[in-house]
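Inside the fold
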Amino acid sequence: MTEPTVAPTAESAVARSGRRLPGGVTRNLGLVIALVLICLVGFITAGGRFASVDNMMTILRLAAIVGVVSIGQTFVITAGGIDLSVGSMLGLATVWATTGANQYYANQTTWLLMVAVALVVGVAGGLLNGIMVAYGKIAPFMATLAMMVAAKGLAEWIANRQTQIVKVRGFETFFSANPLGIPMLVWIFAVVAAAGWVVYNRTTFGRRTVAIGGNLEASRLAGIKTNRHLVLLYALCGLTVGIAAVMMMGRTMAGTSTHGTLYEMDSIAAVVVGGTLLTGGRGTIFGTVIGVLIFTTLTNIFTQNNLPTSVQEITKGIIIVGAVLLQLRIAQRAKA
Amino acid sequence: MSLTTAARRITIGGALVALAISLAGCTGAAPTDATSTTASTVAAAPPAGGNDATGTKVVIGFSAPAADHGWMGAISKAAAAEAAKYPDVELKVAEGTNDVNLQISQVETFINDKVDAIVILPYDGAALTPVALQAMKAGIPVINIDREFDSPFAARTTVLGDNYGMGMSAGMYICGQLGGKSDSVIAEIAGIDNLPLTKDRSDGFAKALSDCGLKVSNRVAADFTVQGGEQAASNLLQAASHIDAIWNHDDDQGVGVMQAIKNSGRNEFFMVGGAGSANVMRDIQADNTVLKATVVYPSTQAADGIRMARLLVQKKALSDLIEVEVPRKIILYTPAVTKDNVAQYLPTAFES
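Position numbers for residues start from 1 in each chain and track the written sequence from start to end. Written order determines the labels here, with chains lettered from A and ligands numbered from 1. The predicted nature of this model means local features are confined to residues of pLDDT at least 70 and side-chain atom pairs, given and counted, to a pLDDT of 80 or more, with totals for whole chains, interfaces and linings taken over all residues. As a rule here, side-chain values come from all non-hydrogen atoms in the structure, and water together with hydrogens is ignored.

1. Let's talk about the overall build of chain B
- Numbering goes from the N terminus for both helices and strands, where a helix is a DSSP run of H or I of at least four residues and a strand is a run of E of at least two. Counting its regular elements, chain B contains 14 helices and 12 strands.
- Throughout, exposure labels follow a simple rule: accessible area from a 1.4 Å probe, protein chains only, divided by the maximum for the residue type, with under 20% read as buried, over 50% as exposed, and the rest as partly exposed. Counting all 352 residues of chain B, 59% fall into the buried class.
- Working rule for contacts: check all heavy atoms of both residues, and any pair within 4.5 Å makes them a contact. Considering only contacts in chain B between residues 6 or more positions apart, those separated by 24 or more positions represent 73%.
- Approximately 13,500 Å² of chain B is accessible, and the part contributed by carbon and sulfur atoms is 56%. Per-residue and other accessible areas follow the Shrake-Rupley method at a 1.4 Å probe size, with only the shown protein chains counted as cover for residues.

Pasting the structure below:
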């Protein structure tokens, strides 16, 4: 995941000095307060049922898959891009990993084969996105939109529009485990989030991502191989999609082209609410995790209280608008 | 892998005779007018005085896909209405999602809440199987509606519509009308082509037609929406200059299909609908359009599921069966509704 160092010293200066708050502490604090308030609402309306350990795990399991995708999305958006293909790529990866042939060989050898296939599909799709964006100079929105449509079609074609059931025993055993009482999905989410945080905040790869999002041309002039970096970024996002696909298979024991439907929107919403600028140049992994948790906790509270999803979608919309308005104000203040 | 949902449903269609229980015959009566069913108390029925007598309190969790078309909307509405009829039933509705990850989470919430039973119409039967197994393991009976799980252990009772039978009923009606004329042009407007149920419907339709020497000449697919139905039907009418009969899989998209037919000014054919919306039934009753019949795909399946859940938890049996327990699987009948029998079906039809 880490980048071989080329010229690490000068470039963090390119990351427009001053606009990158150190760690973004205050804004993350606001997010945490928002999450706490939402939890408080949950506790008041649903009481002990909401606050139970079982329910916390239910929320985290719900958050895990979208969460992993959102980590990858954070990198891409920070660099001024966007990846609309994450949802259908996730579906494609689950389909490809669960074909009859792959399951046959997985049963003959090891279930890790299915994991490998899903990861390869995710990374390959990401690489393709990156090449279209970096070398083809296609706008990220269009390049990944094309990938979204094509991946969906390919997934339907491979699966013959059916749901493929996972019948590999080892796979099932691994993903239904609860090490230390915490579901495997949640562990994976935690590891990916931690790794994402380290790469984002503690490596030159992360710094360059921020720099490119701040000003692509300046970054190139400062010696960053921007094209190659963009390709790697989309591949990284593809990797998280592959991981999420494996998690989805673990959760549903099935592969189908409908897996991941609308996850591009869910992940973008979580990233933006988390405080990453859609225009690029600033982002936060921690914020993204909180953003995902805000949405999933909200969903859980609505379920707990028997409220219709229509109301929930309206609430979601209001939260997104609120977050974007907040971002605009911050951006203006930074300019002034 | 080997047994796909589609394949299994076809098998079920074949073995229908063994299991079929008519909706109208057994579970159609509402508690208010249920005197006839409850009066015939069977040996196995509890002494409490009929199944509809208020029993122990039952908390039921209910989850279904997003109500993005009339039939699916009717599913949830009918389930809630059914639950409201019983003072001993408390229904928790985790309404409407097409995201399996979220639907799984809803079922997990029901398990955490220790509800007495879970009624679920899964967005994807295979994908919801693991969490249904988990609920069953936790001792919560699961009632599976419409889209079947891929493990027999994942549900205590399954209530299914019969997609293959739906195609059969439509085909048999058309055979009856066109019998003998083997050069008849028959068109089919399918629903979403990548759903297993669409394949089942088309297979049943083709089978029934072939039994009377007919076949589908033109087939187009729409997407259960009004807009999609209009487009598909326009193309179809453009492509076939003469048609004798049309089967349209879905009455929601049928609104668009009828509009396209109206725009074309054609009326040399008759049309059979699918699912059985109230609009279509009223048209059949009025008998002033090309719509002459529709095939019911009960939108009251989940409502039946609610009743089954209540019976299971209260340890009661289906009063019209001799069995001590609620059946393992109930496959609903898909009758063809025509002008002659429409009055019988209109009250339970859904508004699209």
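Text resumes after the structure shown.
2. Some remarks on the state of the cysteines
All names here are of chain B.
- Pairs of cysteine sulfur atoms within 2.5 Å are what we label disulfides. Tallied over the full model, the rule gives 1 disulfide over all chains.
- Shown here is the disulfide that connects Cys 175 with Cys 212, its sulfur atoms set 2.0 Å apart. One quick way to see it: the torsion about the S-S bond of Cys 175 and Cys 212 is about -75 degrees, and its sign makes the bridge left-handed. Residue Cys 175 is located in helix H8 (residues 163-178), and its partner Cys 212 is located in the loop between helix H9 (196-211) and strand E7 (216-221); the two are separated by 37 residues in the primary sequence.

3. Details of the interface of chain B and chain A
- Counting from both sides, the interface comprises 30 residues of chain B and, opposite them, 32 residues of chain A.
- Joining two parts hides part of their accessible area as seen by a 1.4 Å probe, and the buried area is that hidden amount summed over both. Where chain B abuts chain A, roughly 2,800 Å² becomes buried across the two surfaces, and 49% of that area is made up of carbon and sulfur atoms.
- A carboxyl oxygen of Asp or Glu within 4 Å of a side-chain nitrogen of Lys or Arg is what we treat as a salt bridge. At the surface where chain B touches chain A, the tally comes to 3 salt bridges.
- Among the salt bridges present, the one from Asp113(B) reaches Arg49(A), with a minimum N-O distance of 3.0 Å.
- Pairs of N or O atoms within 3.5 Å make up the polar contacts considered here, provided that, within protein, one atom can donate a hydrogen while the other can accept it, and that residues adjacent in sequence are counted only when both atoms are side-chain atoms. Inspection of the chain B/chain A interface yields 9 residue pairs in polar contact (both at pLDDT 80 or more).
- Sorting the residues of the side of chain B that touches chain A by element identifies strand E2 (89-94), helix H6 (100-112) and helix H7 (125-137) of chain B as the ones contributing at least two each.

4. Side note on the domain arrangement of chain B
Residue and element names in this part refer to chain B.
- Boundaries between domains were set according to an automatic or database domain assignment. Examined at the domain level, chain B breaks down into domain 1 (21-161 + 299-332) and domain 2 (163-296).
- For domain 1 and domain 2, the distance between their C-alpha centroids amounts to 31 Å.
- Between domain 1 and domain 2, the residue contacts involve 4 residues of the former and 4 residues of the latter.
- Considering only the side of domain 1, the residues that lose the most area to domain 2 are His 69, Trp 71 and Gly 161, jointly responsible for 64% of the buried surface there.
- The interface formed by domain 1 and domain 2 contains 0 salt bridges.
- The classification used treats Ala, Val, Leu, Ile, Met, Phe, Trp, Tyr, Cys and Pro as nonpolar, Asp, Glu, Lys and Arg as charged, and all other residues, Gly among them, as polar. Its residues placed into classes, the side of domain 1 that touches domain 2 shows 1 nonpolar, 3 polar and no charged.

5. A short note on the sheet that holds strand E11 (residues 329-331) of chain B
Residues and elements named next belong to chain B.
- Each pair of strands is called paired provided DSSP finds at least two bridges between the two strands. As summarised here, the arrangement of the 6 strands in space is E2-E1-E3-E4-E5-E11, forming an open sheet in which the pairing is parallel. Where the open sheet ends on each side, the last strands, each with one partner, are E2 and E11. Averaged over all adjacent pairs, the angle separating strand axes in this sheet is 15 degrees, with direction ignored.
- Of the pairings in the sheet, the one linking strand E4 (residues 142-145) to strand E5 (residues 157-160) comprises 3 bridges and is parallel in character. Within the sheet, the bridge partner assigned to Ile 143 lies in E5 and is Thr 157. Here, axes are lines fitted to C-alpha atoms. For helices the fit covers the stretch in contact, and angles between N-to-C directions go from 0 to 180 degrees.

6. Brief notes about the packing of aromatic side chains
Residues and elements named next belong to chain A.
- The rule is short: rings of Phe, Tyr and Trp, with Trp giving its six-membered ring, pair when the centres are within 6.5 Å, and they are stacked under 30 degrees, edge-to-face over 60, tilted in between. Taken as a whole and judged by the stated rule, the model has 11 aromatic pairs over all chains.
- Note on Tyr 104 and Tyr 105: the rings are 5.4 Å apart at their centroids and 75 degrees apart in plane angle, and the pair reads as edge-to-face.
- The class for Tyr 104 is partly exposed, based on a relative accessible area of 48%.
- Taking the relative accessible area as the measure of exposure, Tyr 105 reaches 48% and is therefore partly exposed.

7. Points about the packing of helix H7 (residues 112-134) of chain A against helix H13 (residues 226-252) of chain A
Residues and elements named next belong to chain A.
- At a closest axis distance of 6 Å, the pairing of H7 and H13 adopts a crossing angle of 150 degrees. Classified by the angle between their axes, H7 and H13 sit roughly antiparallel to one another. Both H7 and H13 take part in a crossing whose hand is right-handed.
- Considering only residue class, the contact of H7 with H13 consists of 18 nonpolar, 7 polar and no charged. Angle categories are assigned with fixed cut-offs, so that under 35 degrees is roughly parallel, over 145 is roughly antiparallel, 65 to 115 is roughly perpendicular, and the rest are oblique. Note: crossing handedness is left-handed where the near helix turns anticlockwise from the far helix by less than a right angle, and right-handed where it turns clockwise.

8. Quick notes on the nonpolar core
- Take the buried residues of types Ala, Val, Leu, Ile, Met, Phe, Trp, Tyr and Cys, join any two whose side-chain atoms come within 4.5 Å, and each joined set is a nonpolar core. In this structure, Phe75(A), Leu90(A), Phe171(A), Ile118(B) and Leu128(B) are the most contacted members of the largest nonpolar core, which totals 106 residues.
- The leading source of residues in this core is H13(A), at 13 residues.
- Residue contacts for Ile118(B): discarding those within four places in its chain leaves Gly61(B), Val107(B), Phe110(B), Ile111(B), Ala135(B), Ile140(B), Pro141(B), Val142(B) and Ile143(B).

9. Focus: the pattern of salt bridges
All names here are of chain B.
- As enumerated under the stated definition, the model contains 20 salt bridges over all chains in all.
- One salt bridge connects Lys 92 with Asp 113, and the closest N-O pair in it is separated by 3.7 Å. One end of the pair, Lys 92, is in strand E2; the other, Asp 113, is in the loop between H6 and strand E3 (117-120), and 21 residues separate them in sequence.
- Exposure remark for Lys 92: the relative accessible area of 13% places this residue in the buried category.
- For Asp 113, a relative accessible area of 17% translates into the label buried.
- Here Asp 146 makes a salt bridge to Arg 147, at a shortest N to O gap of 4.0 Å.
- Assessed through its relative accessible area of 2%, Asp 146 is described here as buried.

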